[in-house]
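Breakdown of the fold
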Amino acid sequence: MSKYKKYALLIIYGKCKEYNAVLYTSNNTILQKGGIPTETRFDTYDRYESYFSLSDSPCVLFKNTKKEKDDGCANWHNEPELQLCTDGEGYLVVNGEEYPFQKGYIAVIHPDEIHYTGSHTEITFISIILNDSFCRNADIDCSKLPFRRFIRDENMQSQIADIIEIWREPPSLSQKARMQIGVLGILVKLLEYRTEPIGSVSKSAHAFEPVKRTVQYIRTHYAEKMTLDRLSKVALT
């Protein structure tokens, strides 16, 4: 079995397990202003999808710590995501490819890429999920702009640190405006690390479309009896 098939099965298995758990628990970490929330479990596609329908913030932030035995589930979303490793080391899996992830590096995750960050020891990182509508309104369509996977840039790290400090402030018109300025600054800096012409599309992302269809099916039919045969038909049609 290829590593892509194994990864796809891991995603589907994890999503089934995740949705079963959601039926019986309600202690998910809720994002709120006044601080950066620490995850108690790996965030799901549903939660990412709902944030920007409720807020016009240019981004949302999470502080994440993953240890060797942490159980997580890969996910994807329509928004671009930046991850800044602040301590430790680990790995980032994107569309079946595993990359080392170390302190001081910024990982770039493009829209709709299936990804998971973990560690064989321990890793702490800040996730910044950029509002896709905000990016497009600035004429920066991240779905058509492939960027370098990892960036080591002290100026960008400083920009992220500034956004974190602004995020911790009480909500106000000034705070919102400075958040928008800060995210625009990061987007402009990110353009320096574009790797391919506008309009290019990742082939590996297309390879996981059957997986995404299967996960969507699980999301809407989790209360029904599922079989491998049924999930296979969903994936292949």
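Residues numbered from 1 in each chain as written. Predicted model: local features only at pLDDT ≥ 70, side-chain atom pairs only at ≥ 80, totals over all residues. Heavy atoms only, no water.

For the rest of this paragraph, the subject is the packing of aromatic side chains. The relation between two aromatic rings is expressed through the spacing of the ring centres and the mutual angle of the planes. Overall, the coordinates contain four aromatic pairs when judged by the stated rule. Taking 5.9 Å as the distance between ring centres and 65° as the angle between the ring planes, the aromatic pair formed by Tyr-99 and Phe-150 counts as edge-to-face. Of the two residues, Tyr-99 sits in strand S3 (residues 97-102) while Phe-150 sits in strand S6 (residues 150-151), which places them 51 residues apart along the sequence. Taking the centre distance of 6.4 Å and the plane angle of 50° together, the rings of Phe-101 and Phe-125 count as tilted. Here Phe-101, found in strand S3, pairs with Phe-125, found in strand S5 (residues 115-130); they are 24 residues apart in sequence, far enough to count as distant. Among the aromatic residues, those joined into a cluster by ring pairs are Tyr-99, Phe-101, Phe-125 and Phe-150. The ring centre of Tyr-105 lies 4.9 Å from the NZ or CZ of Arg-152, which sits over that ring. (Phe/Tyr/Trp six-rings, centres within 6.5 Å; stacked < 30°, edge-to-face > 60°. Helix = DSSP H or I, 4+ residues; strand = E, 2+ residues; numbered from the N terminus. Lys NZ or Arg CZ within 6 Å of the ring centre and 35° of its normal.)

What follows is about helix H4 (residues 154-167). Between its first and last C-alpha atoms H4 spans 20 Å; for 14 residues at 1.5 Å apiece the expected length is 20 Å, and the two agree. All of the buried residues along H4 are Met-156, Ile-160, Ile-163, Ile-164, Ile-166 and Trp-167. The buried side chains of H4 occupy one side of the element, clustering within an arc of 165° when seen end-on. Along H4, the residues that are exposed and aim more than 90 degrees away from the buried face are Glu-154 and Asn-155. (Expected span 1.5 Å × (residues − 1). Buried < 20%, exposed > 50% of the residue type's maximum accessible area, 1.4 Å probe, protein only. Arc of directions from axis to C-beta.)

The next thing to look at is the environment of Lys-103. By the element assignment, Lys-103 lies in the loop between S3 and strand S4 (106-109). Separated by 18 residues in sequence, Lys-103 and Cys-85 have C-alpha atoms that sit 4.7 Å apart. What Lys-103 contacts, discounting residues up to four positions off in sequence, is Cys-85, Thr-86, Asp-87, Gly-88 and Arg-152. (Contact = heavy atoms within 4.5 Å.)

A word on the nonpolar core. Core analysis: the biggest nonpolar cluster contains 31 residues, and Cys-59, Leu-61, Ile-128, Ile-160 and Leu-187 have the highest contact counts within it. Looking at this core, the elements with two or more residues in it are strand S1 (59-67), strand S2 (81-94), S4, S5, helix H3 (132-137), H4 and helix H5 (173-190). Broken down by element, the residue count for this core peaks at six residues, all from H4. Excluding residues within four positions of it along the chain, Ile-160 makes contact with Leu-84, Ile-106, Ile-128 and Ile-186. (Core = buried A, V, L, I, M, F, W, Y, C linked by side-chain atoms within 4.5 Å.)

The next point concerns H5. Relative to the 26 Å expected for 18 residues at 1.5 Å per residue, H5 spans 26 Å between its end C-alpha atoms, a close match to the ideal helical length. Considered for burial, the residues of H5 that qualify are Gln-175, Met-179, Gly-182, Val-183, Ile-186, Leu-187, Lys-189 and Leu-190. Down the axis, H5 shows its buried residues gathered within 160° of arc, on one side only. Exposed and oriented more than 90 degrees from the buried face of H5 are Leu-173, Ile-181 and Val-188.

With that settled, consider the pairing of S5. Counting buried positions along S5 gives 13 out of 16 residues, so the element sits mostly inside the fold. Sheet analysis places S1 next to S5, joined by nine bridges and oriented antiparallel. Looking across to S5, one finds that Phe-62 is bridged to Ser-127. Pairing of S2 with S5 involves 12 bridges; the strand directions are antiparallel. (Pairing = 2+ DSSP bridges.)

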